[in-house]
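Geometric and topological summary
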Amino acid sequence: MNATVSTAVFGGFMVLTVALGLLAVRGRGSGGGLAEWSVGGRSLGTVFIWVLMAGESYTSFSYLGAAGWGYNFGAPVLYVLAYMSCGYALGYVVGPMLWSYARRHHLVGITDMVAHRYRAPWLGAAVALLATVCLLPYIQLQITGMGVVVSTISYGAISLNWAYFIAFAVTTGFVVISGLRGSAWVSVLKDVLVIGTLGFLAVYVPLHYFDGYGPFLHKIVAERPQWLTFPGHASGGLGPVWFVTTTVVNSLTVVIFPTTVAGYLGARNAEVLRRNALYLPFYNVLLFVPMLLGMAALFVVPGLVGADSNLALFKLVVDSLPAWAVGLIGVAAALSSIVPMAVFMLVIGTMWGRSVLGARSVPGEGEAGEAAGDGGRRTAGGRQKLWSQLVVVVAGALALALTYTAPDTLVRLSLISYEGMAQLVPMLLLGLVWRRLTLRAAVSGLVAGFALVCVLVFGGHDPVWGMNAGLVSLAVNVAVALGVTWLGPRDTDERPDAEVLALDDEFPRDGAVSQGGTAGPTASS
């Protein structure tokens, strides 16, 4: 009976999820173009951008990994709160800058931006390949996370294999048709459930198991004090230096992460992004809940080891709540997998459809042609959207197949995902504010930094000297880029600064594009 009730609740909400995704594009037709599909037509307001980008904070990690880290290690898990909060502060500046640059030049992602900045379509394709290597593991991790959640909340009635397939089918079902707008609509449902369920658990678990927060916290201090200080319990050396360096490198990375940039570019104007950067840290407060509940599970379900520790929160839930409540909490956790997974798949599809399979000599040409009513260019833009949608299905299917057949393949790649993406920071952010950074220098720095990340991480040297290997590699990346810029040949790019750089005077605070004459030229002028 418990399995029937919780599974029925879950199934009903999955149908609602697909319906919301499809309703998001009702009345917009199928010919909206790549920009409409991939960045929501650049028309999303504050609420939709807030809930969409909050999806970056609340993935399956929030319910599984955060509780698991709290259960296993304790204090080091707070790095998540630290880097996200710092990343939002950086996003106050970086988000509007990237939004303005992309809008001015009709770009839809980071691959477009680097191709336009360095006048090298091949570089966009190369960045798409590197970003795909770093993003695919996240799709697989969300599939795996949702599978674990669904199997647990169904009391084993739904097997892991079927749960994996449900995750793939539901996500693909709405994102192929509705794109970023559909993900934003589903995010509203997800956030209502996340806020409600975590708010409830924050009160219920301490009262039910410990008679309140006072006795609960006293029990941790008295019996598990090592969980409350760095480097935590048996964390392998995740001390204060690691915490600070990880916060720095992750906060830099999160603002240029392809899924974050997709959220930036979907905004109606730059002011939406500034307001969003102010509001998002409040959402982060909820992340304390699964971290604390993971430590609460130390006393309720002791002895969890390995992957089972990730189920610390759900062991508490299944043990004490009625089946319908278990189903609701499971839906919140499942949607916390589906929404980010949808954006990951959409971003990979857009990068490949735009910069690899549909690459052009002039970045931005397709969307500009659509806006101008050019039939030939509209056809090219339609082909890019079709390629992008096809790649979404292929990327999701590949992650699903590897989840079934060789899960360790993508798990190994996930070790370098964030630290590998960090190596794009100089090429993108430094390149958009410093004219002298050359193509040769940017590529040299990227190759040096990414190679060092691979050597350090796969060689078992992360952290290195107590520091995050990603930050060490990023420092080498910047040093190489600067050295090649200063010692190598000068850039011969004759375009004006307004065409190459993201200048402060290019985006007024109301988000309108200035009419100073620089919006018209493209890389072909």
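These figures come from a predicted structure and were not determined experimentally.

This part covers the overall build of the protein. Scanning the protein from terminus to terminus reveals 24 helices and zero strands. When the 525 residues of the protein are sorted by exposure, 57% land in the buried category. Counted over contacts in the protein with a minimum sequence separation of 6, partners at least 24 positions apart contribute 84%. A total accessible area of about 19,400 Å² is found for the protein, and carbon and sulfur atoms account for 68% of it.

This next bit is on the nonpolar core. Ranked by internal contacts, the top residues of the largest apolar core, which has 165 residues, are Tyr63, Leu98, Met113, Ile139, Phe314, Leu424 and Met427. Not counting residues up to four positions away in its chain, the partners in contact with Met427 are Val114, Tyr118, Leu123, Val127, Leu437, Ala442, Val443 and Leu446.

This part is about the packing of helix α8 (residues 121–153) against helix α9 (residues 160–210). The angle between the axes and the distance between the axes are what describe a pair of packed helices. Two numbers describe how α8 lies on α9: the axes approach to 8 Å, and their chain directions differ by 125°. By the criterion of interaxial angle, the relationship of α8 to α9 is oblique. Judged by the twist between their axes, the crossing of α8 over α9 is right-handed. Two secondary-structure elements touch here, α8 through Ile143, Thr144, Met146, Gly147, Val148, Val150 and Ser151 and α9 through Leu160, Ala163, Tyr164, Ile166 and Ala167. When the residues that make up the contact of α8 with α9 are grouped by side-chain class, the tally is nine nonpolar, three polar and no charged.

A separate point is the side chain of Ser388. For Ser388, the position within the fold is in helix α18 (residues 375–405). Setting aside its immediate chain neighbours within four residues, Ser388 contacts Leu34, Trp37, Gly349, Thr350, Gly353 and Arg354.

Within the structure shown, the criterion is met by seven salt bridges. Close ionic contact of Lys219 with Glu223 constitutes a salt bridge, the shortest N to O distance being 3.0 Å. Here Lys219 pairs with Glu223, and both are found in helix α10 (residues 213–223), just four residues apart, close to one helical turn. In this structure, the salt-bridge partner of Asp493 is Arg495, at a minimum N-O distance of 2.6 Å. For the residue pair Asp493 and Arg495, the accessibility class agrees, reading buried in each case.

This part covers helix α6 (residues 79–105). Given 3.6 residues per turn, any residue in an α-helix points the same way as the ones three and four places further on. Taking 1.5 Å of rise per residue, 27 residues should cover 39 Å, and α6 covers 36 Å from first to last C-alpha, within 8% of that figure. Where α6 bends most, at Gly91, the angle is about 45°. Phi for His106, located one or two positions after α6, is positive at around 60°.

A separate point is the packing of aromatic side chains. We describe a pair of aromatic rings using the distance from one ring centre to the other and the angle between the two ring planes. By the definition in use, this model includes 20 aromatic pairs. Ring plane angle 65° and centroid distance 5.1 Å describe the contact between Trp50 and Tyr283, whose orientation is recorded as edge-to-face. In this pair, Trp50 sits in helix α3 (residues 46–54) while Tyr283 sits in helix α13 (residues 270–284), placing the two residues 233 residues apart along the sequence. Between the aromatic rings of Trp434 and Trp486, the centroid separation amounts to 6.4 Å while the plane-to-plane angle is 75°, which identifies the pairing as edge-to-face. Pair noted here: Trp434 is in the loop between α21 (425–433) and α22 (439–458) and Trp486 is in helix α23 (residues 469–487), with a separation of 52 residues, a long-range link. Between Arg224 and the ring centre of Trp227, over which it is positioned, the NZ or CZ distance is 5.6 Å.

Once that is clear, we can look at helix α11 (residues 240–254). Helix length check: α11, at 15 residues, gives a terminal C-alpha distance of 21 Å against a target of 21 Å (1.5 Å per residue), a fit within 8%. Turning to α11, its buried residues are Trp242, Phe243, Thr245, Thr246, Thr247, Val249, Asn250, Ser251, Thr253 and Val254. Turning to α11, the residues buried within the fold contact α5 (65–72), α6, α12 (258–265), α20 (417–421), α21 and α23.

On the surface, Tyr92, Val93, Leu278, Tyr279 and Phe282 cluster together to form a nonpolar patch covering roughly 540 Å² of accessible area. Among the elements that make up the nonpolar patch, the one with the highest residue count is α13 (three residues).

Viewed as axis vectors pointing N to C, helix α1 (residues 2–23) and α9 meet at an angle of 100°, and their least axial separation amounts to 7 Å. Taken together, the axes of α1 and α9 lie roughly perpendicular to each other. Taking contact as the criterion, the partners of Phe10, Phe13, Met14, Leu16, Thr17, Val18, Leu20, Gly21, Leu22 and Leu23 in α1 are, on α9, Ile166, Val170, Gly173, Phe174, Ile177, Ser178, Gly182, Trp185, Val186, Leu189 and Leu193. Considered class by class, the residues forming the contact of α1 with α9 number 16 nonpolar, five polar and no charged.

What follows covers the environment of Ala262. Note that Ala262 resides in helix α12. Distance in space between the C-alpha atoms of Ala262 and Val39 is 6.1 Å, their sequence separation being 223 residues. In contact with Ala262, not counting residues within four places along its chain, are Val39, Leu180 and Val347.

Below, the discussion takes up the confidence of the model for the protein. As a general rule, the predicted coordinates of low-pLDDT regions are not to be interpreted in detail. This prediction gives the protein a mean pLDDT of 86; 89% of its residues lie at or above 70. Of all helices and strands in the protein, the one with the weakest mean pLDDT is helix α17 (residues 365–372) (44), whereas α23 scores best (97). Contacts of residues 361–374 to residues separated by more than four positions or lying in other chains number 34 contacts, the stretch itself having pLDDT below 50. Between residues 505–525, whose pLDDT stays under 50, and residues either more than four places distant or in other chains, the model counts 38 contacts.

Let's shift gears to the state of the cysteines. Applying the stated criterion across every chain yields a total of zero disulfides. Between Cys454, a free cysteine, and Cys134, which holds the nearest cysteine sulfur, the sulfur-to-sulfur gap is 8.3 Å.

Conventions used here
- Residues numbered from 1 in each chain as written.
- Predicted model: local features only at pLDDT ≥ 70, side-chain atom pairs only at ≥ 80, totals over all residues.
- Heavy atoms only, no water.
- Helix = DSSP H or I, 4+ residues; strand = E, 2+ residues; numbered from the N terminus.
- Buried < 20%, exposed > 50% of the residue type's maximum accessible area, 1.4 Å probe, protein only.
- Contact = heavy atoms within 4.5 Å.
- Areas by Shrake-Rupley, 256 points an atom, 1.4 Å probe, with all protein chains shown as cover.
- Core = buried A, V, L, I, M, F, W, Y, C linked by side-chain atoms within 4.5 Å.
- Axes fitted to C-alpha atoms, helices over the stretch in contact; angles between N-to-C directions.
- Parallel < 35°, antiparallel > 145°, perpendicular 65-115°, else oblique.
- Left-handed = near helix turned anticlockwise from the far one by under 90°.
- Nonpolar A, V, L, I, M, F, W, Y, C, P; charged D, E, K, R; others polar.
- Salt bridge = Lys/Arg side-chain N within 4 Å of Asp/Glu carboxyl O.
- Expected span 1.5 Å × (residues − 1).
- Bend = angle between axes of the 7 residues up to and from the residue.
- Phe/Tyr/Trp six-rings, centres within 6.5 Å; stacked < 30°, edge-to-face > 60°.
- Lys NZ or Arg CZ within 6 Å of the ring centre and 35° of its normal.
- Patch = residues over 30% accessible without salt bridge, like charges linked within 9 Å, V, L, I, M, F, W, Y side chains within 5 Å.
- pLDDT = per-residue confidence, 0-100.
- Disulfide = S-S within 2.5 Å.

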